[in-house]
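Below, each chain spelled out in residue letters.
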Amino acid sequence: AADAELLEGATSAAVFEQSVRDAGGHVDFIFGDNRPFDSCHASTIAHVGDGILVCAWFGGTEESADDVAIWLSRLDGESWSAPERVAKISATAHWNPVLFAPGDGNLHLFFKVGPEIPEWQTWWMTSSDGGVTWSEPVELVPGDYGGRGPVRCKPIVLADGAWLAGASTERGIWKPFADRTDDRGKTWTRSADFRFDRKVIKVQGAIQPTLWESEAGRVHALMRTNAGVVVRADSTDGGRTWSGIRRTGLPNNNSGVDAVAIDGALYLVFNPVRRNWGPRTPLSLAVSHDNGETWVVIAHLEDDSNEDVEYSYPAAVAANDGIAVSYTWNRERIRVWRIPFAALR
């Protein structure tokens, strides 16, 4: 079940939703039951300026099915556009889209392709008009199998201008690493796999790092595990080398987490459940004011107690005067919260 001690005092989803709306925010489903796919998952969101949000996800019959493609919708004003299939390069499953707006007027979309996760490949495409039109997709690192570039969470732009992506492979043992590019995605340099001691953390490994930079060159990663706990690694040289993995006080149900750093605060969206393959409810928003060492859960975005539901794989970005969060809603819809800072105080 959910971690009761950590969640003590957290605002309920219903109350928080009302406070978000009262502060001028929004809570929307991008689409309803009338959708061109049976199942959807693994959303990603980006703010491209002037209040315009872009959200993408994979959708098809079910996860890993050959008909799964990458779908996308734009919020320009107050309504989301109808889902559009933007990437389907072969008759095999597509996975884990990642949108990335580095602030130079371009929007990038990374995604995985392959029938099985251990051998998937990373492809990417670019839009110069906020996600309206896209370049033809190309392999990120030609010839790679296993996954380069971002595996699920957005890259970050470092103080020195480099892009850094949290990556991982899943060939038996889960191995996280960081992928860095100093030329805006043309070439990528892979770090060594992050080190971890299985005698200290009895874990299969860690995957899907979410990254932030606390000061120039100092980068940090939080990761999903099967050990009932979120783990962390740190770098002092812009993600080129990393410390060993250590435990945090955050529970993890072997599902994705995402963090975004804004003005000295670090916001995290996650399932606070301390059990491997535990329920993907509640889905909660936490904040840290000491660079991720301690956390307070502000509120729940979903708090259904039925363990058969699923609210998972959040993505979080800074947007206008607050944060925007997208996530899987029961594999049937994608839900987005636009949360003003006024609702977070």
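Cut-offs and rules
Residues numbered from 1 in each chain as written. Predicted model: local features only at pLDDT ≥ 70, side-chain atom pairs only at ≥ 80, totals over all residues. Heavy atoms only, no water. Helix = DSSP H or I, 4+ residues; strand = E, 2+ residues; numbered from the N terminus. Rg over C-alpha atoms; globule rule 2.2 N^0.38 Å. Buried < 20%, exposed > 50% of the residue type's maximum accessible area, 1.4 Å probe, protein only. Contact = heavy atoms within 4.5 Å. Areas by Shrake-Rupley, 256 points an atom, 1.4 Å probe, with all protein chains shown as cover. Lys, Arg positive; Asp, Glu negative; His and termini not counted. Charge placed at Lys NZ, Arg CZ, Asp CG, Glu CD. Pairing = 2+ DSSP bridges. Axes fitted to C-alpha atoms, helices over the stretch in contact; angles between N-to-C directions. Salt bridge = Lys/Arg side-chain N within 4 Å of Asp/Glu carboxyl O. Arc of directions from axis to C-beta.

A.B. asks: Is there a simple way to think about the overall build of the protein in this case?
C.D. replies: Assigned secondary structure in the protein consists of two helices and 24 strands. What you see for the protein is a C-alpha radius of gyration of 18 Å, in line with the 20 Å of a compact globule of 345 residues. Once the C-alpha set of the protein is aligned to its principal axes, its extents read approximately 50 × 50 × 40 Å. Looking at the 345 residues of the protein, the share that counts as buried comes to 59%. In the protein, of all internal contacts separated by at least 6 residues, the share reaching a separation of at least 24 is 49%. Total accessible area on the protein is roughly 13500 Å²; 47% of this is exposed by carbon and sulfur atoms. Counting 33 positive and 46 negative side-chain charges, the protein places the averaged centre of each group 6 Å from the other.

A.B. asks: Explain the sheet that holds strand β3 (residues 53–60) to me, please; I cannot follow it from the model alone.
C.D. replies: In a beta sheet, neighbouring strands pair by backbone hydrogen bonds and run either parallel or antiparallel. Pairing in this open sheet of four strands is antiparallel, and the strands run β2-β3-β4-β5 from one edge to the other. Whereas interior strands pair on both sides, the edge strands pair on one side only; in this sheet they are β2 (39–47) and β5 (84–87). Averaged over neighbouring strand pairs, the angle between their axes works out to 35° when direction is ignored. With three bridges joining them, strand β4 (residues 69–75) and β5 adopt antiparallel strand pairing. Paired with Trp71 across the strands is Arg85, a residue of β5.

A.B. asks: Looking at this model, I keep getting lost on the pattern of salt bridges. Mind explaining?
C.D. replies: Pairs may arise between side chains of opposite charge once their charged atoms sit close together. For the structure on display, the rule yields 23 salt bridges. Here Arg232 ties to Asp234 by a salt bridge, and the two come within 2.9 Å at their closest N and O atoms. The pair Arg232 / Asp234 is uniform in exposure class, with both members buried. For Glu307, the salt bridge identified is with Arg275, shortest N-O distance 3.7 Å. Here Glu307 is found in the loop between β21 (296–302) and β22 (311–319), whereas its partner Arg275 is found in the loop between β19 (265–270) and β20 (283–288), with 32 residues between them in sequence. Glu307 sits in the partly exposed class, given a relative accessible area of 44%. Put simply, Glu17, Arg21, Glu302 and Arg335 are held in one network by salt bridges that share partners.

A.B. asks: I keep staring at the sheet that holds strand β10 (residues 156–157) and nothing clicks. Help me out?
C.D. replies: Reading across the sheet, the four strands line up as β10-β11-β12-β13 and stay open at both edges, with antiparallel pairing between neighbours. Strands with a single pairing partner mark the edges of an open sheet, and in this sheet they are β10 and β13 (189–190). Direction of pairing for strand β12 (residues 173–181) relative to β13: antiparallel, over a ladder of two bridges. If you follow Asp179 over to β13, its bridge partner there is Arg190.

A.B. asks: When you look at helix α2 (residues 13–22) in this model, what are you seeing that I'm missing?
C.D. replies: The α-helix advances 3.6 residues per turn, and as a result positions three or four apart in sequence lie on the same side. Taken residue by residue, α2 has Ala13, Phe16, Glu17 and Val20 as its buried positions. For α2, the buried positions fall inside an angular range of 105° around the axis, keeping them on one side. The outward face of α2, more than 90 degrees from its buried face, is lined by the exposed residues Ala14, Val15 and Asp22. The elements touched by buried residues of α2 are β1 (26–29), β20, β21 and β24 (333–340). A positive backbone phi angle near 95° is found at Gly24, which sits one or two residues after α2.

Scope: geometric values only; no functional claims are made or implied.
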